[in-house]
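The residues making up each chain are set out below.
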Amino acid sequence: MSGLRPRAAREESRENDYERAGLDGSLTPGTSPALLLVDPARAYVDPDCPLYAGVEPAVEAMRALLAGARRAGIPVVVTRVRFRPDGGDGGVFFRKVPTLRVFAEGSPYGDFIDGLAPAEAELTVTKQYPSAFFGTSLAAYLTANRIDTLLIGGLSTSGCVRATALDAMQHGFVPVVVEDAVGDRDPDVHAANLFDIRHKIGEVWPMERVMGYLAGVGERL
């Protein structure tokens, strides 16, 4: 249709609009990062689960990101979602999204995806709400370990990743969302949330740039 602009033109116009509005700032990551993998749960990669999201490419990138963080020797935190069998500890969130029952105690869908489970010395954070900070000790742990930057991968971009990145910024940590290592069931929703995170919350970096940053950190440790 003649009235519709090509996608590239629309994206350029949107970028220009955000820049004119002053939404083009950037954050410089610090020298003491940690990796945070948000909810790498089997639910998102098992076709038998109603939450299956077809995010296998992001999962492969998460494995590479985790390996890079371990090589660099930085702290690693992995979150998981767990509810009581009746969902009572999930409150309004559980009522709004009934399919969260797949994360009830005893369900295999809440298990970590192969290759993304935390090692014994790494921190596991159990949560009931989207943000990894809400109702958990994550902020205190990061502060006690003098972390200034969070490299964030995980699932899903529009939900728990975005909520966690927002809370990271609000707690004073520089959030760097690793573009290749996050995923969502809808590519347009995924892209829109990365756009918004980049303009309003933190940084969105491709894997190659993150790996270069980690290499530099590893050399300093």
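Residues numbered from 1 in each chain as written. Predicted model: local features only at pLDDT ≥ 70, side-chain atom pairs only at ≥ 80, totals over all residues. Heavy atoms only, no water.

Participant: Residue-level account of the nonpolar core, with values.
Facilitator: Ranked by internal contacts, the top residues of the largest apolar core, which has 41 residues, are Leu35, Leu37, Tyr44, Leu65, Ile74, Phe103 and Leu151. In terms of residue count, helix 2 (residues 56-72) provides more of this core than any other element does, eight residues in total. Dropping the residues within four chain positions of it, leucine 65 is found in contact with Leu35, Leu37, Gly153, Val178, Ala181, Met207, Val210, Met211 and Leu214. Leu138, Ala139, Ile147 and Val182 belong to the second-largest nonpolar core, a separate cluster that totals 24 residues. (Core = buried A, V, L, I, M, F, W, Y, C linked by side-chain atoms within 4.5 Å. Buried < 20%, exposed > 50% of the residue type's maximum accessible area, 1.4 Å probe, protein only. Helix = DSSP H or I, 4+ residues; strand = E, 2+ residues; numbered from the N terminus. Contact = heavy atoms within 4.5 Å.)

Participant: Please provide a residue-by-residue account of the packing of helix 5 (residues 157-170) against helix 6 (residues 187-200), values included.
Facilitator: Here helix 5 crosses helix 6 at 5°, and the two axes come no closer than 10 Å. Classified by the angle their axes make, helix 5 and helix 6 are roughly parallel. Counted together, Thr157, Ser158, Arg162 and Met169 of helix 5 and Val189, His190, Asn193, Leu194, Asp196, Ile197 and Lys200 of helix 6 form the full contact between these two elements. The class makeup of the residues in the contact of helix 5 with helix 6 is four nonpolar, four polar and three charged. (Axes fitted to C-alpha atoms, helices over the stretch in contact; angles between N-to-C directions. Parallel < 35°, antiparallel > 145°, perpendicular 65-115°, else oblique. Nonpolar A, V, L, I, M, F, W, Y, C, P; charged D, E, K, R; others polar.)

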